[in-house]
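Inside the fold
If you want the building blocks of each chain, they are given just below.
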There are 2 protein chains.
Amino acid sequence: MSKALRVALAGLGTVGAGVIKLIDTNREIVERRAGRAIEIVAVSARDRTRDRGVDLARFNWVDDAAELAAREDIDVVVELIGGADGPALTLARRTIAAGRHFVTANKAMIAHHGLGLAGDAEGKGVAFKYEAAVAGGIPVIKGLREGAAANAIGRVYGILNGTCNYILTTMEAEGRDFAEVLGEAQRLGYAEADPSFDIDGVDAAHKLSILASLSFGSKIDFGAAAISGIRHVIAADIAQAQALGYRVRLVGLAEAQPEGSTTAGLFQRVAPCLVPANHPLAHVAGSLNAVVAEGNFVGRLFFEGRGAGEGPTASAVVADLIDIARGEYGPAFAMPVESLAEMAPAPAGERRGRAYLRFSVADRPGVLAEIAAAMRDAGVSIESLIQRGTTPDGGVLVAMVTHEGPERAVSDALARLEGSQSLIGAPMLMHILDV
Amino acid sequence: MSKALRVALAGLGTVGAGVIKLIDTNREIVERRAGRAIEIVAVSARDRTRDRGVDLARFNWVDDAAELAAREDIDVVVELIGGADGPALTLARRTIAAGRHFVTANKAMIAHHGLGLAGDAEGKGVAFKYEAAVAGGIPVIKGLREGAAANAIGRVYGILNGTCNYILTTMEAEGRDFAEVLGEAQRLGYAEADPSFDIDGVDAAHKLSILASLSFGSKIDFGAAAISGIRHVIAADIAQAQALGYRVRLVGLAEAQPEGSTTAGLFQRVAPCLVPANHPLAHVAGSLNAVVAEGNFVGRLFFEGRGAGEGPTASAVVADLIDIARGEYGPAFAMPVESLAEMAPAPAGERRGRAYLRFSVADRPGVLAEIAAAMRDAGVSIESLIQRGTTPDGGVLVAMVTHEGPERAVSDALARLEGSQSLIGAPMLMHILDV
């Protein structure tokens, strides 16, 4: 048996404590699988006194996480501090520069600085691994980087934020509105006190940009992702969707459109979508995550599991450590950074699809005619329309599903209605996942 | 860029042709991901003249596959001949003995000889890889060997045979009986002319024994798996199951029961089961495969995709080649063979669960009383019972679901009824998947 892999943990929140518990609990099976022991040597966190349910006295305590990078008694630094910049990024750069392996769960940092860090790691010949950054315990980074590596992947999509899925599926099951369910989720600890990264889709977009890079062999381009969240989904949207045979899910979707087509380029969008009830994503309930990848030889692959929390995230972090212990690691994004393609963002307007539109309107004659005229003038053809009930803002609910057409036509129709006195509040647009 | 990985293909059936097509079609992306070119150098098959839809003239043709093992111009041999013994095993042994990497899709050979081959490969420091052997294109070998490697896995189970799932879900959708759907599947090429390996559960059991070894860190023990197939499932079973909120699926299930319990040991069974309608396996339709693994930190992981066919299987074979090209490979069963535990088979009778029982009975007084008495005397408690309609053999159908209890009690009840003049044909027993 080779000598132990010596690990430092920076950040001792839920996940950090989980990593310690996992290595304590599964020491024997992890050592057999890794071919050597995995030993935590040093730890660092802001508050030394907080009770984390694990014995920290046996580890070296370091006040400044950045010091971990330079320690001769450490092979790998695991960064669980969080944040795209600041101490996490400093630690990442110093660790790699010092020729040590680096493991992180930090999707924001990867979305913003992953290419640079991966390039540095290649230069130093060390591992830069991040299985825990996307979809928690589901080995989807490995699934794309290695499992589906033989395929040209045309589309990757999924449910990448457990908080949003918990809120949407609770709204669905209980017929309640967004604000109420969010408040409850916050009280239960399922949602952050400041939930905007989750519910506005930014967290899912960080993850999506990473999946897109791995899937398409392209550079991460987080800035090009179109992002909208679930704040404006109301109970009536979910009810209408169900009546039409759909479920509402926050879907992150990326497509690589071939050159030469009008939609050529990299398409990335996070938005609430209508998912057909018989699609695998429609069955993903509660805080679960799921990812679908479509390869030109393998067809559709579907991965589902727990996307966050102590146990699943620790499972992913330690899987990375086992790979490092085995010496089974290579370029972070499946190929050297210099081999990753530059893909221009695809023009979203040319993309074709169907859409769900919901308006809250004033209860007086001519309103429906005004909406219908805007649709006609924009070239949007209506597949079905329902006017029933009222919305929380006191308007009458009008919901419709369009026929397939270019997305810009729907945007055009909504632009024509902007400022209309007939509408109460902004309309809701959700694309339909017809894949 | 390093020099190309030089590959020989032994066996040019559907999968072999698929591997050639994949490497031709995806050459550029595969080379970027692998870090070097993957070149097929030599091929071998029984019939040189058959049109396989690919140009073979550019490869060296070798009549005797075993010769591939010794060629100096080859780095990896891919075995797609099939069969647990014979030419496939000879080729495997010679290739590894000659210090060359070996990739196979041959579950039967692994189930019977995998430990020996893996030990030989360790001795020689070469790769022995088999992602295509289980669940086709789904990267489940990698998912267990690496993705979930940090976990103690207590249970692994899934739908491991696409032919059976196609037959069962077609019976379900169309209300037809087994023989009729099997005949149609054979005409359509979805089932073999001799379908027994598939429909009697042997193929699924080969795969299950491999998943169990990876999951539990134990030696493969195919001989200890209890195996029954789907021949005796009738349309009425599926209809009754649906009425009770279940779907019928052929499930391969393995559990590692902790020492000290009455059920201690390795439990492996392939059998048609009743799966609750809201369980992920209930949504697996047609010829898809799916695998669930339950880890003590990650929770439940679910993988689904295409389990067979040219494209998915080629995808898995080339994923193995990419790992080899990258140098990212290690022990075949996640740890050295000598580290794998010997687990004694678990005593199935002590396992607790609920069961579905269906009898075809004579239409005369006293029959139900006889069955009920046998249940009572064996200590089996009945949760629900239905007597309705007739079976294909002309009897009256009696179906029941038992309360939870030891499996031996149900076996005991059936033994008490053996030879009874009231029963027409053998009773059908299916366990309920309550996990």
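Calculation criteria
- Residue positions are given per chain, counting from 1 as you read along its sequence in written order.
- Just so you know, chain letters begin at A and ligand numbers begin at 1, following the order they were written in.
- The model is predicted, so local features are restricted to residues of pLDDT at least 70 and side-chain atom pairs to those at 80 or more, both for listing and for counting; the totals for chains, interfaces and linings are taken over all residues.
- Derived side-chain values reflect all non-hydrogen atoms in the structure, with water molecules and hydrogen atoms excluded from consideration.
- The criterion used for residue contact is that any of the two residues' heavy atoms lie within 4.5 Å.
- What counts as buried area is the accessible surface, traced by a 1.4 Å probe, that two parts surrender upon association, with contributions from both included.
- We count a salt bridge whenever a side-chain nitrogen from Lys or Arg sits within 4 Å of a carboxyl oxygen from Asp or Glu.
- Two N or O atoms count as a polar contact when they lie within 3.5 Å, although within protein this holds only if one can serve as hydrogen donor and the other as acceptor, and sequence-adjacent residues are included solely when both atoms are side-chain atoms.
- Put simply, DSSP H or I for four residues or longer makes a helix, DSSP E for two residues or longer makes a strand, and each gets a number counted from the N terminus.
- Only Asp, Glu, Lys and Arg are considered charged, only Ala, Val, Leu, Ile, Met, Phe, Trp, Tyr, Cys and Pro nonpolar, and every remaining residue, Gly among them, polar.
- Here the rule is simple: two strands pair whenever DSSP picks up at least two bridges between them.
- UniProt positions are given in the numbering used here, feature names are shortened, and annotations may be inferred rather than shown by experiment.
- For every residue, the accessible area (1.4 Å probe, protein chains only) is compared with the maximum for its type, and the residue is labelled buried under 20%, exposed over 50%, or partly exposed between those bounds.
- Grouping into patches uses exposed residues only, defined as over 30% relative accessible area, and leaves out salt-bridged ones; the cut-off is 9 Å for like charges and 5 Å for nonpolar side chains (Val, Leu, Ile, Met, Phe, Trp, Tyr).
- For the area figures, the Shrake-Rupley method with a 1.4 Å probe applies, and any residue is considered shielded solely by the protein chains shown.
- Lines fitted to the C-alpha atoms define the axes, with helices restricted to the stretch that makes contact. Angles between their N-to-C directions range from 0 to 180 degrees.
- Note that the term roughly parallel is reserved for angles under 35 degrees, roughly antiparallel for angles over 145, roughly perpendicular for angles of 65 to 115, and oblique for everything else.

**Structural notes on the interface of chain A and chain B**
Counting residues at the interface gives 55 residues for chain A, matched by 55 residues for chain B. When chain A packs against chain B, close to 4,400 Å² is buried across both sides, 53% of that on carbon and sulfur atoms. The interface formed by chain A and chain B includes four salt bridges. Two residues, Lys142(B) and Glu146(A), come together in a salt bridge whose shortest N-O distance is 2.8 Å. Across the chain A-chain B interface, the total number found is 31 residue pairs in polar contact (both at pLDDT 80 or more). Listing elements by their share of the side of chain A that touches chain B, those giving two or more residues are α1 (14-25), α2 (27-34), α5 (140-147), α9 (202-216), β12 (299-306) and α11 (310-326) of chain A. Across the side of chain A that touches chain B, the residue classes tally to 27 nonpolar, 16 polar and twelve charged. Looking at chain direction, β12(A) and strand β12 (residues 299-306) of chain B are connected through three bridges and run antiparallel. Bridge pairing links Phe303(A) to Phe303(B) in β12(B).

**Side note on the UniProt feature "binding site: NADP(+)" (unreviewed entry) in chain A**
All names here are of chain A. The UniProt entry lists Ala10, Gly11, Leu12, Gly13, Thr14, Val15, Gly16 and Ala17 under the feature "binding site: NADP(+)" (unreviewed entry), expressed in the numbering used here. Within the secondary structure, Leu12 is located in the loop between β1 (5-10) and α1. Beyond its immediate sequence surroundings of up to four residues, Leu12 is in contact with Ile20, Val43, Ser44, Ala45, Arg50, Arg52, Leu56 and Trp61.

**Things to note about the UniProt feature "active site" (unreviewed entry) in chain A**
Residue and element names in this part refer to chain A. Following the UniProt record, one finds the feature "active site" (unreviewed entry) at Lys207. A relative accessible area of 6% means that Lys207 is categorised as buried. Those residues in contact with Lys207 that sit more than four places away from it in its chain are Lys107, Ala133, Val134, Ala135, Leu160 and Asn161.

**What about the environment of Gln387(A)?**
Residue and element names in this part refer to chain A. Positionally, Gln387 belongs in strand β15 (residues 382-390). In this structure, the C-alpha to C-alpha distance between Gln387 and Ala399, residues twelve residues apart in sequence, is 6.4 Å. Those residues in contact with Gln387 that lie beyond four places of it in its chain are Leu368, Val396, Leu397 and Val398.

**Re a nonpolar patch on the surface**
Residue and element names in this part refer to chain A. On the surface, Leu368, Ile382 and Leu385 cluster together to form a nonpolar patch covering roughly 220 Å² of accessible area. As for its placement among the helices and strands, Leu368 is situated in helix α12 (residues 367-378). Taking relative accessible area as the criterion, Leu368 reaches 34% and is therefore assigned partly exposed.

**With respect to unusual backbone geometry**
Here the phi dihedral of Ala135(A) falls at roughly 60°; this positive angle occurs in a residue that is not glycine. In this structure, Ala334(B) is a non-glycine residue whose phi angle is positive, near 75°.

**Focus on the packing of helix α2 (residues 27-34) of chain B against helix α11 (residues 310-326) of chain B**
All names here are of chain B. Running from N to C, α2 and α11 point in directions that differ by 40°, and their axes come no closer than 9 Å. The angle between α2 and α11 places the two elements in the oblique class. On α11, the residues that touch Val30, Arg33 and Ala34 of α2 are Val318, Ile322, Ala325 and Arg326. Looking at the contact of α2 with α11 residue by residue, the classes come out as five nonpolar, no polar and two charged.

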